[in-house]
Amino acid sequence: MRFFIRTFGCQMNKSDSEVAAGTLLAAGHQETPEPAEAELIVINTCAVREHAVERLYGYINSLKSPAKHNQAPLLAIGGCVAEQKRGRLWKELPQANIIFGTRAFHLLPQAIERAIGGEARIDLLQPLEPLPEHPSIRPEDPWRAWLPISRGCNNFCSYCVVPHTRGRETSRSSATVLADAAALAAQGVREITLLGQNVNSYGNDLGKPGLFASLLLSLDEIPDLRRVRFLTSHPKDLSGETIAALAASANACEYVHLPLQAGSDRILAAMNRGYTLEKYLERVTALRSAIPGVALSTDLIVGFPGETEEEFEETLAAVEHIRYDSAYTFIYSPRPGTPAAELPDGVAWRTKETRLRQLIELQSTISQQVNQACVGRILEVFVTGPSRRGEASWTGRTRTNKIVNFPATGDLAGRFVSVEITSAGVASLGGQYVGR
Ligand code: SAH
Ligand code: SF4
Ligand code: F3S
């Protein structure tokens, strides 16, 4: 069958879609970039905010033009919305043929055989057998790869649906992760991003706390693996050992995504985040003193139930104080089944929008200033491909995860080059090619 995959959501979902594509290809199916030509459409869904779910329904409705198809394609809907809605999804999307959970991507080929055999409504939701140790993957990019080190989450932040859609945290063994990383590097991958909802608790479920720090040090031994990144680092579990490993490891990049969520201790407690602002700031200081030039980014939520103007201002003050390189900002979205969704919410939507705008404005000013400080420096850029600006223009990332656009002739995709930074914006840098 010709299949097309549409992915919503986070990097973990992108990685899962690579497993879906890899196992379907291994079973003899073919991938097509054209949904209209597909005989099988796989949709990998995200439930983290209402907006993501609305986009999913919008997308499914946009597929509904049978004129484009002689025969309607098989529709397989999986991932976090499937886990969240379970049986209800069949009622909402009766056109679906297969509904599969967050641990069933590798089982798609069998489900398709069953669907071809005439079975209607194939259900592959949790609990299921664990993922195979080394599933087939079809990487999106020949030089960069996602590498899941754990699945699920034990933190139960009060607003968050993820522990409900992905189950408890289960770590892959470090031997498995290292074998995958070495195999990827041997295939030409130069940058890997380790994935887990909380990489800092990696190994805890195996009775091996502190395993993330030793994993980083082992990854540094892999020849030709030039860059190691990781997502996401929970502040409450960011240990001194991990910070020391980041500082000691040559391929671990000088970039940490450290979600703060809010600046008020009352809100942080209501979110069940497990740290105070003071403890968070202490981690930031430790990172900055151990890793000179480390770039920091964060996630912030405005309009958590009951957030007062003063509490919101504590978020602004924290952002002003910390001076992140960048931030992902969200309006709180109540998720059915989470404790926060039961809290009384007196904050008007318009107020939440105003707070979001204020926060974005502040962070944009800071990002611009932080990026401006890069001007004049020569930085190592890993070129990811041609830039959207057109011909003979390339785009890539610094070790600190900043986007750099620069003109140069020749094919630089997948190369490490030196670029002198000549201009800075809020979201990217511009520069001049210096050489390989
Ligand atoms: N495990 C990661 C990522 C979780 S989802 C972590 O803990 O950082 C990514 C981000 O989405 C979160 O950091 C949070 O800022 C945001 N988010 C999660 N649930 C949300 C909700 N109900 N409403 C608004 N933003 C939410
Ligand atoms: Fe959600 Fe919190 Fe787990 Fe992140 S750490 S996935 S925000 S419950
Ligand atoms: Fe990721 Fe969305 Fe699921 S953020 S874990 S795809 S709910």
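Check the entry above for the structure.
Everything in this summary refers to the structure shown in the same document. (Residues numbered from 1 in each chain as written. Chains lettered and ligands numbered in written order. Predicted model: local features only at pLDDT ≥ 70, side-chain atom pairs only at ≥ 80, totals over all residues. Heavy atoms only, no water.)

### Some details on the pairing of strand β4 (residues 74-79)
One face of the sheet, then the other: side chains in a regular strand alternate in exactly this way. Of all six residues that make up β4, six are buried, and the element is covered over most of its length. Note that strand β3 (residues 40-45) and β4 share six bridges and pair parallel. Bridge pairing links Val42 to Ala76 in β4. (Buried < 20%, exposed > 50% of the residue type's maximum accessible area, 1.4 Å probe, protein only. Helix = DSSP H or I, 4+ residues; strand = E, 2+ residues; numbered from the N terminus. Pairing = 2+ DSSP bridges.)

### Topic: the sheet that holds strand β19 (residues 428-435)
Strand order in the closed barrel formed by five strands is β15-β16-β17-β19-β18, and the pairing between neighbours is mixed. If you compare each strand with its neighbour and ignore which way they point, the axes differ by 50° on average. Note that strand β15 (residues 378-386) and strand β18 (residues 416-424) share five bridges and pair antiparallel. Along β18, the bridge assignment pairs Ile378 with Glu420. (Axes fitted to C-alpha atoms, helices over the stretch in contact; angles between N-to-C directions.)

### Considering the packing of helix α12 (residues 309-322) against helix α13 (residues 349-372)
Close contact between α12 and α13 brings their axes to 10 Å; oriented N to C, the two are set at 15°. Taken together, the axis directions place α12 and α13 in an arrangement best described as roughly parallel. By crossing handedness, the relation of α12 to α13 is classed as right-handed. Residues Glu309, Phe312, Thr315, Leu316, Val319 and Glu320 of α12 form the contact with α13, whose own contacting residues are Thr351, Arg355, Gln358, Leu359, Leu362, Gln363 and Ile366. Split into classes, the residues belonging to the contact of α12 with α13 amount to six nonpolar, four polar and three charged. (Parallel < 35°, antiparallel > 145°, perpendicular 65-115°, else oblique. Left-handed = near helix turned anticlockwise from the far one by under 90°. Contact = heavy atoms within 4.5 Å. Nonpolar A, V, L, I, M, F, W, Y, C, P; charged D, E, K, R; others polar.)

### Description of the site of ligand 2
Around ligand 2 sit Cys153, Asn155, Phe156, Cys157, Tyr159, Cys160, Val162, Pro163, Gln197, His234 and Arg273, and those are all the residues in its vicinity. Looking at the shell around ligand 2, its residues break down into seven nonpolar, three polar and one charged. (Near = heavy atom within 4 Å.)

### Some remarks on the pattern of salt bridges
In total, this model carries 22 salt bridges according to the counting rule given. Across the pair Lys236 and Asp237 runs a salt bridge whose closest N-O atoms are separated by 2.7 Å. On the basis of relative accessible area, Asp237 is assigned to the partly exposed category, the value being 21%. Of the charged contacts, one joins Arg399 and Glu254 as a salt bridge, the two residues approaching to 2.8 Å between their closest N and O atoms. Taken together, the residues Arg399 in the loop between β16 (393-397) and β17 (403-407) and Glu254 in the loop between α9 (240-248) and β12 (255-257) connect sequence positions 145 residues apart. Several salt bridges converge on common partners, so that one network encompasses Glu191, Arg226, Arg227, Arg229 and Glu380. (Salt bridge = Lys/Arg side-chain N within 4 Å of Asp/Glu carboxyl O.)

### Examining the site of ligand 3
Lining the immediate environment of ligand 3, one finds Cys10, Asn13, Thr45, Cys46, Ala47, Val48, Cys80, Val162, Arg166 and Gln197. Residue composition of the shell around ligand 3, by class: six nonpolar, three polar and one charged. Two domains each provide a minimum of three residues to the shell around ligand 3, namely domain 1 (2-124) and domain 2 (144-372). (Domains from an automatic or database assignment.)

### Looking at the sheet that holds strand β11 (residues 227-231)
Pairing within the open sheet is parallel, and its three strands lie in the order β7-β10-β11. The two strands at the open ends of the sheet, each matched to only one other strand, are β7 (144-148) and β11. Mean inter-strand twist for the sheet, computed between neighbouring axes without regard to direction, equals 25°. Bridging between β7 and strand β10 (residues 191-195) involves five bridges; their strand directions are parallel. Residue pairing for β10: Ala145 is matched across the bridge by Ile192. Seen against the sheet, helix α8 (residues 211-219) touches β10 and β11 and runs at an angle of roughly 165° to β10.

### Considerations on the pairing of β19
Where β17 and β19 come together, three bridges link them in parallel fashion. Among the inter-strand pairings, Ile403 is bridged to a residue of β19, identified as Ser428. As paired elements, β18 and β19 share six bridges and run antiparallel to each other. Counterpart to Val419 in the pairing with β19 is Tyr433. Where β18 folds back onto β19 in an antiparallel hairpin, the turn is made up of three residues.

Fair warning: the whole summary comes from geometry, so function is off the table for now.
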